[in-house]
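Chain by chain, the residues:
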Protein chains: 2
Amino acid sequence: MKDLSKLFYPGSVAVIGASENVLKWGSIIISNVLDGGFKGEVHPVSTSNETVYGRRASKSLRDIGAPADLLIITTPAATVMGILRDCVATGIRNVVIVSSGFSEAGEEGRRHEREVREFALANGLNVVGPNTMGIANFKEGLHGMFSHVRLKKGGISLMAQSGNVGNQIMYWAEQQSIGMSKFVGSGNEAALMCEDYLDYFHGDADTSVIIMYLEGVDNGRSFMEAARRTTRDKPVVLLKGGRTRVGTKAAMSHTGALAGRIQIFSAAMEQAGVSMVDSQSEMLTLAAAFDSMPLPKGNRIGVVTLGGGWGVITADECEERGLTLPPLPEDVKARLDKMLPSFWSKGNPVDLVGQPDPNLFRESVEAMISSDAYDAVILLGIINSFKTAMRLYEATMRLGKPVEMNLEDMERTLDDLQNVFLDNIADLMEKYEKPIYPVALVAQADQPVVHAPKSPKKYNAIIFRTPEEAVSCLAKQYRYSRYLRKQGRKP
Amino acid sequence: MKDLSKLFYPGSVAVIGASENVLKWGSIIISNVLDGGFKGEVHPVSTSNETVYGRRASKSLRDIGAPADLLIITTPAATVMGILRDCVATGIRNVVIVSSGFSEAGEEGRRHEREVREFALANGLNVVGPNTMGIANFKEGLHGMFSHVRLKKGGISLMAQSGNVGNQIMYWAEQQSIGMSKFVGSGNEAALMCEDYLDYFHGDADTSVIIMYLEGVDNGRSFMEAARRTTRDKPVVLLKGGRTRVGTKAAMSHTGALAGRIQIFSAAMEQAGVSMVDSQSEMLTLAAAFDSMPLPKGNRIGVVTLGGGWGVITADECEERGLTLPPLPEDVKARLDKMLPSFWSKGNPVDLVGQPDPNLFRESVEAMISSDAYDAVILLGIINSFKTAMRLYEATMRLGKPVEMNLEDMERTLDDLQNVFLDNIADLMEKYEKPIYPVALVAQADQPVVHAPKSPKKYNAIIFRTPEEAVSCLAKQYRYSRYLRKQGRKP
């Protein structure tokens, strides 16, 4: 297995082709490294600029002094082989080739790429790319890439064969407050292949979930083995581009990769314990769920809902995805009977018939999650229901009726109460080692998807936007949990 | 066919059970009517309150004077029959029964509901509900319902058998700036049935798309006939709750409706030209697309993308949903060759390889949409790409490099440019009578989904959040267009 630790944890970074031309790669990368909180040394290298963003630029790699742990190349394809030779001469071992103009660009490019591959193998260089948008380690503040995102730290590491797909996933993660650990765009995979990154993330202590966007795998067997090794310890979530004839054609013109036949590939992946997803957004939410919650140990689901319709929709979704909704055991029913209004549904889903009272929800959830009859609980409609209640107070105020409390204070108080409620969800997940899936009544546009309790806890509560999203995550987490058990691992 | 015009366009509204008890139905409804911009007369009716929100309350319906066009009842089930008799005595013909405690609440409730049904039929009353969250007409500012949403005016009318599903859809519409025309919660459908509302929306000049959430249909044949009549003129989008055994059980305990076997129901609906969807969010976006764009007349799709990966994902999605990506005709290729950088993909998807230049996108889109080879164009990644460019300038500023322009001005300028670009999309759709589907690079949380051009145009541009969402809409709009053609209608 290749040692990629200095790629992701370099003490120093050099950028060749560094410039201040804002929209060029040579500026985008170095400004991102300098602005992103990286604590190590940063060396701009440029033949034409004396300084770059206030740093003196070296004329060549030899001028830097001690070899940089990581070199990022942004100069044209034709310059790359010369630079790689300099790397060997100066002791640089980890290189990211951002430059394009290789196998994606015709016959000459393919020849260039073979040269890079052979040289890297012969000299033991770790080469990322070419034609990649870069590499990142959010915990280290290392942003050696195109995307100027600033993410929360989390356990999700991403490998993408497409820069723009990687870019979008990271922007979405930022928008939704989903924490990440690392990113690498594997580009054309001249030397380091997708299975190398998978193996590295497998062994990386800061990575708890691995997500991958793949268009093609050169060595199916080797990738499959890496996947099988990894999924015994960590969930792997995979989105395959180039699933169809047309998509494959688009993928070939784009990365030069040969996309495999999807049915065979998917079946093999599922067999290796990989969670296959259909879209980028599903990939990210599922990864956040893996990173934030315990796995369901079975498929028996309890549902608590503010309104009947959503209970129906959720029951349908569960049934369609192989989850069951067992009836309420007598002891749970008795416990709920004591606290719920007489007209409650007395079945699963537990329908609270429009009572947006967090206490009722908390008690109902605990009654169900503590019962041996359920492996997970879905919670519909209490999150953000106070926002709709606020509208009622606002309307009456406008109609001239004084409300005892300042509305801003009231909203803040209700928001605090909701945060306490979500903290409690995290506590319950830890207490019973079972997952709980709260779905917002109406997801707020500016609301984090991952609710991190004020004092860090073992788990975080995730706010799902729709019942479909929650059930889909639950079903895939259950599937992975079942896979682990079959492998003799504890979920 | 029943005349429901005064239900949706009343000149005056009375609310029985009106109160100032903020969280009670009697307050929620009347405060919503008073606060929501309704221009007609509003009459609170209450035996216990002298005034309600500054309006003198009548003791009974007889005290109002002229009969209200619409009466909303919020008092307990036991009072309803008496009130209905008063309606007949005082000439009120349109009634919304918000009160619960009917067929959803056991044997006695079912008896009450039968009484309501028979009385309504015998006396020609239009009765909505019982157990409904109300009725709305956004153009008229009429908010006779629970949800205190304030929506833009649009062509979408919604009928929901579940109040909480209706509530969520309207809040989402508000959040996404999707305009709506009308809402009705049909509740237990004691008298007015889902097909009555469908027929009414069919004939309503302010409705251009009808969306429905149904759990059960009492009279399948009659609903089917109403659907078939309607879809010849207007798209109908339907989400069925209670698709599975478990969901059906949940639906029965909740509305008392008998959910039909879903396979038979869905097949019959598709045959009647109804667009079936799997989730609330899909329902709303598809409805917005129907309301905002021309229908695709065929399934031949052109794709323009900022990056390869998204092109692949989109090509896959198209192929999986029965859409095709024909190669570029020579004339289109020649036209694109003139303006694109030499390394462009020269195929469909047209890959602009990271050039976020709105001019290139506009020209590429027009080259494709004007060609007889394509029925629709999907546009990936240009929308909001300026937001990622802004990050580059912000970083260089923080690194001490002065940027010639004030960044706020720059962002405003780029945002204006984007609005011009979206206006142009609306123009192109009108010019060629073909739909264009822009997908945002990263959807902004606070960004309207429907972009209404400054000066109203025939069509609005919709900003899709993901390629899946765009392709799914496109495929369903194409399906409906094909249905219309088979019916001898012009799409």
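Values in this document were obtained by computation on a predicted structure and should not be read as measured data.

On to the interface of chain B and chain A, then. In this assembly, 73 residues from chain B lie in contact with 73 residues from chain A. A buried area of about 6,100 Å², summed over both sides, lies between chain B and chain A, and 60% of it is on carbon and sulfur atoms. In this structure, Glu 174 of chain A engages Arg 391 of chain B in a salt bridge whose closest nitrogen and oxygen atoms are separated by 2.5 Å. The tally of links from chain B across to chain A stands at 19 residue pairs in polar contact (both at pLDDT 80 or more). Elements represented by at least two residues in the side of chain B that touches chain A include exactly helix 2 (25-35), helix 5 (163-175), strand 13 (236-240), helix 8 (245-255), helix 10 (280-292), helix 11 (308-320), helix 14 (385-398) and helix 16 (467-486) of chain B.

Taken as rigid bodies, chain B and chain A are interconverted by a rotation of 180° and an axial shift of 0.0 Å, the fit giving an RMSD of 0.0 Å. Within this description, the copies of the chain are treated as partners about a two-fold rotation axis. No C-alpha of chain B lies nearer the rotation axis than that of Ala 445 of chain B, which sits 2.5 Å from it.

Fine structural detail should not be taken from predicted coordinates in areas where pLDDT scores are low. Residue and element names in this part refer to chain A. On average, residues of chain A score 92 in pLDDT, and 96% of them reach the 70 mark or higher. When the criterion is pLDDT under 50, residues 255-260 qualifies, and its contacts beyond four places in sequence or with other chains add up to 18 contacts. Here the prediction assigns the complex a pTM of 0.93, and the interface score ipTM is 0.90.

Looking now at unusual backbone geometry. The phi angle of most residues is negative, glycine excepted, and most peptide bonds adopt the trans form. Residue Pro 349 of chain A is reached from Asn 348 of chain A by a cis peptide bond, and omega for that bond is 10°. In this structure, Pro 349 of chain A sits in the loop between helix 12 (330-339) and strand 16 (350-351). In this structure, Pro 130 of chain B follows Gly 129 of chain B across a cis peptide bond, with omega equal to 0°. One can find Pro 130 of chain B in the loop between strand 7 (126-128) and strand 8 (134-137). Not every positive phi belongs to a glycine, and Ser 177 of chain B is a case in point at roughly 55°. Relative to the assigned elements, Ser 177 of chain B resides in the loop between helix 5 and strand 11 (180-185).

Residues and elements named next belong to chain A. Here 4 strands make up an open sheet; going across it, the order is 16-15-17-18 and the pairing parallel. Each edge of the open sheet carries a strand with a single partner, namely strand 16 and strand 18 (436-439). One ladder, built from 5 bridges, connects strand 15 (residues 301-305) with strand 17 (residues 376-380); its direction is parallel. When the bridges of strand 17 are listed, Thr 305 appears paired with Leu 380. Where helix 11 (residues 308-320) meets the sheet, its contacts fall on strand 15, strand 16, strand 17 and strand 18, and the angle it forms with strand 17 comes to roughly 145°.

In terms of nonpolar packing, the biggest core is built from 188 residues, with Met 170 and Ile 378 of chain A together with Met 170 and Ile 378 of chain B touching the most fellow members. Leave out the neighbours within four places in its chain, and Ile 378 of chain B touches Ile 301, Gly 302, Val 303, Val 304, Thr 314, Cys 318, Tyr 437, Val 439, Val 471 and Leu 474 of chain B. If you look at the next biggest cluster of nonpolar residues, it comprises 57 residues, including Val 15, Met 159, Leu 214 and Val 217 of chain A.

Cut-off values and rules
- Residues numbered from 1 in each chain as written.
- Chains lettered and ligands numbered in written order.
- Predicted model: local features only at pLDDT ≥ 70, side-chain atom pairs only at ≥ 80, totals over all residues.
- Heavy atoms only, no water.
- Contact = heavy atoms within 4.5 Å.
- Buried area = accessible area lost by both parts, 1.4 Å probe.
- Salt bridge = Lys/Arg side-chain N within 4 Å of Asp/Glu carboxyl O.
- Polar contact = N/O pair within 3.5 Å; in protein donor to acceptor, adjacent residues only side chain to side chain.
- Helix = DSSP H or I, 4+ residues; strand = E, 2+ residues; numbered from the N terminus.
- Least-squares fit on C-alpha atoms with pLDDT ≥ 70 in both.
- pLDDT = per-residue confidence, 0-100.
- Pairing = 2+ DSSP bridges.
- Axes fitted to C-alpha atoms, helices over the stretch in contact; angles between N-to-C directions.
- Core = buried A, V, L, I, M, F, W, Y, C linked by side-chain atoms within 4.5 Å.
- Buried < 20%, exposed > 50% of the residue type's maximum accessible area, 1.4 Å probe, protein only.

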